[in-house]
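An overview of the molecular structure
One-letter residues, chain by chain:
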Amino acid sequence: MRTKPIFFRHFAMIAMLVLFGVTAVLQGCDCEQVAISLDAEIQSIPKTLVFESVSIGDKLTREVIIKNTGRGELRVSELEMVNESAGNPFKLLTEKELPLIIDPGKTVSLKVRYEPKRAGIARGHIKTISNAKNTNSIGLYKIDLRSTELSADISALPNPVE
């Protein structure tokens, strides 16, 4: 007869620990909480925006499309450029008022500039936080950015070298 009270106490204790753990995780996160939609879906076209090689100091601008492929309203609450390479070669040129609302089947265009300051492959991403169901638990979706190999322009004088 004592199994029910013991079971109930164990269940209640586990429930409190889980609730405490979830609360602690949410309070420790400095990110905005987003209600995930069961109908909105986010897609970028292309998934990875690749910039061709340009000379150091030159600029190249490309476009990426964010599309709502779901059936519900897509609400983008954060758009942020994250440079993973030294010199911050990528810049988000398009400024949008947030939250950005994208209806089902509709798209939004973003312009990104690549201006390398050193040789090598550059990497970065556009961080989006939204209510899309095909994102992680905080609504994060990344649009990857990268450049092709960039070599420094080197010239020798006199030309040709003897």
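In what follows, the accompanying structure is described. (Residues numbered from 1 in each chain as written. Predicted model: local features only at pLDDT ≥ 70, side-chain atom pairs only at ≥ 80, totals over all residues. Heavy atoms only, no water.)

1. What to know about the packing of aromatic side chains
In the structure shown here, the tally under the stated rule is three aromatic pairs. For the ring pair Phe-51 and Phe-90, a centre distance of 5.5 Å and an interplane angle of 45° mean the geometry is tilted. Placement of Phe-51 in strand β2 (residues 48-51) and of Phe-90 in strand β5 (residues 90-92) is noted, with a sequence separation of 39 residues between them. Ring-pair connections join several aromatic residues into one group, and the members of that group are Phe-51, Phe-90 and Tyr-114. Lys-47 extends its terminal NZ or CZ atom over the ring of Tyr-141, reaching a point 4.6 Å from the ring centre. (Phe/Tyr/Trp six-rings, centres within 6.5 Å; stacked < 30°, edge-to-face > 60°. Helix = DSSP H or I, 4+ residues; strand = E, 2+ residues; numbered from the N terminus. Lys NZ or Arg CZ within 6 Å of the ring centre and 35° of its normal.)

2. Quick word on the pattern of salt bridges
Going through the model one piece at a time under the given rule, you end up with eight salt bridges. Linking Lys-133 and Glu-41 is a salt bridge whose minimum nitrogen-to-oxygen distance equals 3.5 Å. Of this pair, Lys-133 sits in the loop between β8 (123-130) and β9 (140-147) while Glu-41 is found in the loop between α1 (3-28) and β1 (42-45), placing the two residues 92 residues apart along the sequence. What makes Glu-41 partly exposed here is its relative accessible area of 24%. When the shortest N-O distance is used, the salt bridge between Lys-127 and Glu-78 registers 3.2 Å. Here the residue Lys-127 occupies a position in strand β8, and Glu-78 occupies one in strand β4 (residues 74-83), the gap between them amounting to 49 residues. Taking the relative accessible area as the measure of exposure, Glu-78 reaches 21% and is therefore partly exposed. A cluster of three or more residues bridged by salt bridges with shared partners is formed by Glu-78, Glu-80 and Lys-127. (Salt bridge = Lys/Arg side-chain N within 4 Å of Asp/Glu carboxyl O. Buried < 20%, exposed > 50% of the residue type's maximum accessible area, 1.4 Å probe, protein only.)

3. A word on the side chain of Asn-68
Examined against the element boundaries, Asn-68 turns out to sit in strand β3 (residues 60-68). With a relative accessible area of 0%, Asn-68 lands in the buried category. Polar side-chain contacts of Asn-68 include one of 2.7 Å to the backbone oxygen of Gly-72. Those residues in contact with Asn-68 that lie beyond four places of it in its chain are Ala-40, Glu-41, Glu-73, Leu-74, Ile-102, Asp-103, Pro-104, Gly-105 and Lys-106. (Polar contact = N/O pair within 3.5 Å; in protein donor to acceptor, adjacent residues only side chain to side chain. Contact = heavy atoms within 4.5 Å.)

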